[in-house]
Amino acid sequence: VSKANLGNVYFHSETGDAVVIRDLHYPNGVAFDAATDTLYISEHMRRRVLALTLDDAHGVTAKKVVLETGDLFPDGLPDPLAGPDGLRLAPDGALIVALYGAGRVVERRADGALHTYLLPFRYTTSIAPGRKALVVVGAFSNRDYPYAGKVAFLDRWH
């Protein structure tokens, strides 16, 4: 991995910024579980989601991979740029992951079980809670300007 393609994740506060973790290959989505002091980060081009346990000073005390995109596609990735993008934590503790380039959202439940939702667009980027559903946005193409897309609603969100 080229050093030019690496990024860092920072904690920002009124007293200044602190580096939480360095040298991630295209870090993108983040979600924080305050109940467990766990920071989830999608490392897009390494095609994985990390879980970092943080101490009171925002230092990393433990790091583990909780999702490997390649494991979801044993026959090969559907797109060379496929990888985890936006993240969201559900009220029940499930981690919801938008899979850019794969046309789906993956839910990693607290027990580690995975559930996949297929979407009508390939380039899934962002997810957010709605009043009655999980809101997912994405584009049909990442090459054809103006990047037409869609907003989808998943009834998973309760």
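Procedures and definitions
- Residues numbered from 1 in each chain as written.
- Predicted model: local features only at pLDDT ≥ 70, side-chain atom pairs only at ≥ 80, totals over all residues.
- Heavy atoms only, no water.
- Helix = DSSP H or I, 4+ residues; strand = E, 2+ residues; numbered from the N terminus.
- Rg over C-alpha atoms; globule rule 2.2 N^0.38 Å.
- Buried < 20%, exposed > 50% of the residue type's maximum accessible area, 1.4 Å probe, protein only.
- Contact = heavy atoms within 4.5 Å.
- Areas by Shrake-Rupley, 256 points an atom, 1.4 Å probe, with all protein chains shown as cover.
- Salt bridge = Lys/Arg side-chain N within 4 Å of Asp/Glu carboxyl O.
- Core = buried A, V, L, I, M, F, W, Y, C linked by side-chain atoms within 4.5 Å.

The subject of this paragraph is the overall build of the protein. A count of helices and strands for the protein gives 1 helix and 13 strands. In terms of overall dimensions, the protein is globule-like: its C-alpha atoms have a radius of gyration of 16 Å, near the 15 Å expected for 158 residues. Taken along the three principal axes of its C-alpha coordinates, the protein extends 40 × 40 × 35 Å. Looking at the protein as a whole, 41% of its 158 residues qualify as buried. Considering only contacts in the protein between residues 6 or more positions apart, those separated by 24 or more positions represent 32%. Within the structure as shown, the protein displays about 8800 Å² of accessible surface, and the carbon and sulfur contribution to it stands at 50%.

On inspection of all chains with the given rule, the structure shows 4 salt bridges. Here R46 ties to E43 by a salt bridge, and the two come within 2.6 Å at their closest N and O atoms. Judged by its relative accessible area of 0%, E43 is buried. The partner of E107 in a salt bridge is R109, with the nearest N and O atoms 3.1 Å apart. Given the relative accessible area of 2%, E107 is considered buried.

Next up on the list: the nonpolar core. Ranked by internal contacts, the top residues of the largest apolar core, which has 14 residues, are Y40, V49, V66, L87, L95, V97 and L99. Contributions of two or more residues to this core are made by β5 (48–54), β6 (60–68), β7 (83–89) and β8 (95–100). Looking at this core element by element, the count peaks at 3 residues for β8. For Y40, the contacting residues outside a window of four places in its chain are G29, V30, A31, D33, L50, A51, V66, L87, L89 and L95. Formed by 13 residues, the second largest nonpolar core is a distinct cluster that contains A90, I96, A98 and L134.

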